[in-house]
Amino acid sequence: MTSSRIRRMGAAAAVLITAAVGLAAGATPAVAAAATGTVVTAGDPLTVRRAPTTSATAIGSVANGTSVGIDCQLNGVSVAGPLGTTTIWDYVPALGGYISDGYVRTGSDGRVAPDCGVGTGSAACSTGACAGEAQFRSNGPRFSVYDRDADGKSAVVAYWLSNGTGPLYAWNSGGDGTVAERTVSATKGDWISYKVCVADYSATDPTLQSCSAGLTDYVA
C-alpha cells in the first residue's frame, strides 16, 4: 500500500466516524515507519494485553530488556510506567497484543509508529467488569468476539460499513470464556468503523452499554 493511499484512506475514515458513526476520530492511519523499542520494567515480566487497557485479557508476557518491534500505536487507558505516564499503547505483532508505551524505551515520549486500526484493530468494553472484547481480522474479514466475564450480558460489536450501512452487530451470547467468529460482508479496501459493547441480545435494536471508543479498520 502506498503512502498516498494510506492518506486517502485516513481522510475517508475520519469522515465516516464523525458523520456516520458519531464516534471520536481517534484511529486515523498516520504515515510513519514501524519502530523498535526495549521493554523496561523493575525486573518483572511485562503483561501483554489483547486490547489497549489494563482491564483487557492478559495473553502473555515479555521479559525486561527485550527488544520489540512496534507495528502501530493507539491511545488507551493511562498507565504510569518507569518511563512516565502515558495513554499510548504499542501493538507488537510478535506478541500478538498490546503493551503500554510507559514500559517501552523508544527514544521518544510521543508516537513513533502509525496509528492502529489498520488490520490490527482490537478493543475491550469500557469497564473492567464488563464482558466484551473483540478483534477485527482484516483477512476474511471477520470479528472475533470474546465474552470474558459472567456479567449476564452478551458481548457485541456494533459496526458501520464504508457505504454508511449500520449499525450492524456481531454477537457472542455463548457465555463467559467463549469466542464467536462473525464474518463481515465487505470487500477489499472497504472501511469498517466499530465499537465493542455489552448488551441484552436483540437482533435489530439492542441497548448498548459500556462501549469502547471507536476504531476504524479496513478489509485487506
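Figured I'd write up the structure that's included with this text. Per-chain numbering applies: the sequence of each chain, read as written, is numbered from 1 onward. Residue-level local features of this predicted model are given only where pLDDT is at least 70; pairs of side-chain atoms are given and counted only at 80 or more, and the full residue set underlies all totals for whole chains, interfaces and linings. Side-chain numbers here rest on the full set of heavy atoms in the structure, without hydrogens or water.

### Focus: the sheet that holds strand S12 (residues 154–161)
Should DSSP find at least two bridges between two strands, the strands are taken to pair. What counts as a helix is a DSSP run of H or I of at least four residues, what counts as a strand is a run of E of at least two, and both are numbered from the N terminus. An order of S13-S12-S15-S16 is seen for the four strands of this open sheet, with the pairing classed as antiparallel. In this open sheet, the two strands that pair with only one neighbour each are strand S13 (168–172) and strand S16 (215–218). This sheet shows a mean twist of 30° between the axes of neighbouring strands, independent of strand direction. Here, axes are lines fitted to C-alpha atoms. For helices the fit covers the stretch in contact, and angles between N-to-C directions go from 0 to 180 degrees.

### Some points on the sheet that holds strand S10 (residues 132–137)
The strand order across the open sheet built from four strands is S9-S10-S11-S14, with neighbouring strands paired in antiparallel fashion. In this open sheet, the two edge strands, each paired with only one partner strand, are strand S9 (122–124) and strand S14 (178–183). Taken over all neighbouring pairs, the strand axes of this sheet differ in orientation by 15° on average, direction set aside. Relative to strand S11 (residues 142–147), S10 is paired through six bridges, and the arrangement is antiparallel. Bridging from a neighbouring strand, Glu133 pairs with Tyr146 of S11.

### Regarding unusual backbone geometry
Note on backbone geometry: most residues besides glycine have negative phi, and most peptide bonds are trans. A cis geometry characterises the amide bond from Gly140 onward to Pro141, with omega recorded as -25°. As for its position among the elements, Pro141 is in the loop between S10 and S11.

### A closer look at the state of the cysteines
Put simply, a disulfide is two cysteine sulfurs that come within 2.5 Å. As enumerated under the stated definition, the model contains two disulfides in all. Between Cys125 and Cys130 runs a disulfide, and the two sulfur atoms are separated by 2.0 Å. Handedness of the Cys125-Cys130 disulfide follows from its S-S torsion of about 125°: it is right-handed. The residues Cys125 and Cys130 share a single accessibility class, namely buried. With a sulfur-sulfur separation of 2.1 Å, Cys197 is cross-linked through a disulfide to Cys211. On the sign convention where negative means left-handed, the S-S torsion of about 110° between Cys197 and Cys211 marks this disulfide as right-handed. Throughout, exposure labels follow a simple rule: accessible area from a 1.4 Å probe, protein chains only, divided by the maximum for the residue type, with under 20% read as buried, over 50% as exposed, and the rest as partly exposed.

### Examining the pattern of salt bridges
Salt bridge, as applied in this entry: a Lys or Arg side-chain nitrogen positioned within 4 Å of an Asp or Glu carboxyl oxygen. According to the stated counting rule, one finds four salt bridges in the structure shown. Between Glu181 and Arg142 there is a salt bridge whose closest N-O contact spans 2.9 Å. One end of the pair, Glu181, is in strand S14; the other, Arg142, is in strand S11, and 39 residues separate them in sequence. Under the relative-accessibility criterion, Glu181 is labelled partly exposed at 41%. Each of Arg50, Glu133 and Arg148 takes part in one network of salt bridges that share partners.

### Some words on the packing of aromatic side chains
How two aromatic rings sit relative to each other is set out by the distance from centre to centre and by the angle between their planes. Side-chain rings of Phe, Tyr and Trp (the six-membered ring for Trp) are treated as a pair once their centres are within 6.5 Å; stacked means planes under 30 degrees apart, edge-to-face means over 60, and tilted covers the remaining angles. Within this structure, the stated rule accounts for eight aromatic pairs. Site record: aromatic cluster; members linked through ring pairs are Phe136, Phe143, Tyr159 and Tyr194. We count a charge as sitting over a ring when the NZ of a lysine or the CZ of an arginine lies within 6 Å of the ring centre and within 35 degrees of the ring normal. Taking the ring centre of Tyr146 as reference, the NZ or CZ of Arg50 above it sits at 3.6 Å.

### Considering the nonpolar core
In this structure, Phe136, Phe143, Val157, Tyr159, Val184, Ile192 and Tyr194 are the most contacted members of the largest nonpolar core, which totals 24 residues. Among the elements that take part in this core, S12 stands out by supplying four residues, more than any other. In this structure, Val39, Val68, Ile99 and Ala113 belong to the second largest nonpolar core, which totals ten residues. To qualify as a nonpolar core, a set must consist of buried Ala, Val, Leu, Ile, Met, Phe, Trp, Tyr and Cys residues joined through side-chain atoms within 4.5 Å.

### Here's the deal with the pairing of strand S7 (residues 97–100)
Pairing geometry for strand S6 (residues 84–92) and S7, over four bridges, is antiparallel. When the bridges of S7 are listed, Tyr91 appears paired with Tyr98.

### Description of the environment of Ser108
As for its placement among the helices and strands, Ser108 is situated in the loop between strand S8 (104–105) and S9. Given the relative accessible area of 33%, Ser108 is considered partly exposed. Counting along the chain gives 71 residues from Ser108 to Gly37, while the straight-line C-alpha distance between them is 9.9 Å. Side-chain polar atoms of Ser108 contact the backbone nitrogen of Gly110, separated by 3.0 Å. Polar contact is defined as a pair of N or O atoms within 3.5 Å, subject to the rule that within protein one atom must be able to donate a hydrogen and the other to accept it, and that residues adjacent in sequence are counted only when both atoms are side-chain atoms.

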